Amino acid sequence: MIRVLVTGTLHEPPVARVSKNGKNFTTAKLRVDGAEDNVSCSLIAFETLADALAKQRPYAALQVGGRATLSVRINEAGEPQANLVIKLDRLTDLRPPESKPAPAPAKADPHPAPLPACTHPRWETLRSGPYRSVWRCLTCGKVEEGTWD
Amino acid sequence: MGLIRALVTGVLHEAPVARVSKNGKNFTTAKLRADAADGAVWCSLIAFGAQAEALAEQRANAALSVAGRVTPNAWLDKAGEPKAGLSMVVDQVAALRTRPKPKLAPAASPGFDDDLPDLCH
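Everything numeric in this text was worked out from a predicted model, so none of it was measured.

What chain B contains, in helices and strands, is one helix and six strands. When the helices and strands of chain B are read in sequence order from the N terminus, they spell out β-β-β-β-α-β-β. When burial is assessed residue by residue, chain B has 25% of its 121 residues classed as buried.

Below, the discussion takes up unusual backbone geometry. Note on backbone geometry: most residues besides glycine have negative phi, and most peptide bonds are trans. A positive phi angle is found at Glu 47 of chain A, which is not glycine, with a value near 55°. Inspection of the secondary structure puts Glu 47 of chain A in helix H1 (residues 47-54). Even without being glycine, Asn 61 of chain B reaches a positive phi, approximately 70°. With respect to the secondary-structure elements, Asn 61 of chain B resides in the loop between helix H1 (49-56) and strand E5 (63-76). Given 12 C-beta atoms within 10 Å, Asn 61 of chain B falls into the exposed group.

This part takes up the interface of chain A and chain B. Taken together, the contact pairs 22 residues of chain A with 23 residues of chain B. Looking at the side of chain A that touches chain B, the elements with two or more residues in it are strand E1 (2-10), strand E3 (24-33), strand E5 (61-74) and strand E6 (80-93) of chain A. Sort the elements by how many residues they give to the side of chain A that touches chain B and E1 of chain A lands first, with seven residues. Looking at the side of chain A that touches chain B residue by residue, the class counts come to 14 nonpolar, six polar and two charged.

Look at any regular strand and the pattern is simple: side chains alternate between the two faces of the sheet. Pairing geometry for E1 of chain A and strand E1 (residues 3-12) of chain B, over six bridges, is antiparallel. Residue Leu 5 of chain A lies in a different strand from E1 of chain B, and its bridge partner there is Arg 5 of chain B. In the sheet, E1 of chain B pairs with E5 of chain B via seven bridges, with the strands oriented antiparallel. Each residue of the ladder has a partner; that of Ala 6 of chain B, found in E5 of chain B, is Gly 68 of chain B. Pairing geometry for E1 of chain B and strand E3 (residues 26-36) of chain B, over two bridges, is antiparallel. When the sheet's bridge partners are listed, Leu 12 of chain B is paired in E3 of chain B with Leu 32 of chain B.

What counts, and where the lines are drawn
Residues numbered from 1 in each chain as written. Chains lettered and ligands numbered in written order. Predicted model: local features only at pLDDT ≥ 70, side-chain atom pairs only at ≥ 80, totals over all residues. Helix = DSSP H or I, 4+ residues; strand = E, 2+ residues; numbered from the N terminus. Buried ≥ 20, exposed ≤ 12 C-beta atoms within 10 Å, placed from the backbone. Contact = placed C-beta atoms within 7 Å. Nonpolar A, V, L, I, M, F, W, Y, C, P; charged D, E, K, R; others polar. Pairing = 2+ DSSP bridges.

Such coordinate-based values are descriptive only and should not be taken to indicate function.
Next comes the structure, spelled out in structure tokens:
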């Protein structure tokens, strides 16, 4: 059994697919920049990891872990090239988290504080009742209401 | 720079070889065969320092788990078929078979050479 933990960059956009039995999975290519040669890894992810992988963009720096199998192919130059095929069970995005969204504006208070009392001396009464009265300042036009039981 | 770390579980193909580098440092090389669903994967191991000693203690066909930094490599075999394997610089060795416990020497019987008093009167 081979388990690997690989750090690298996505070579191309991940491809979200649907299997014959209707399950989602995602495939991608990860490039591991080594000192001697670039090694590419084929990634396959299922379920929630498939969604997480599908959201990644090309050149995203990732750390992935999972069970691996080793395959070999002949490249364009006619040379054999090894390829790791990794079934993901761990995915970490090395990109720093996005900045926190701006706080939502405060909702209007359903019970606003009463307006500061107008200090102008001249008022007119708009309504006068046993439980509720309304006045308007003749200088600034501010309307104030008073209620009582 | 990218990095591939692997944990490989398999069987030692042959006895590890303890060697000494030109500058006098010990290292050990070995070949591990990891069985996979689509065939065996060969892993060339090299270990230094304390891990070299731990690896050198193992015998052929020992079941091992080794961890370390790996490099995939590929080659053409004698028949021209492409083959792939792993090269690993080992930094952890775990033997899946426990070491046999050393047999304890039988405890020496204490000498009863003192004269017992004759209690049967």
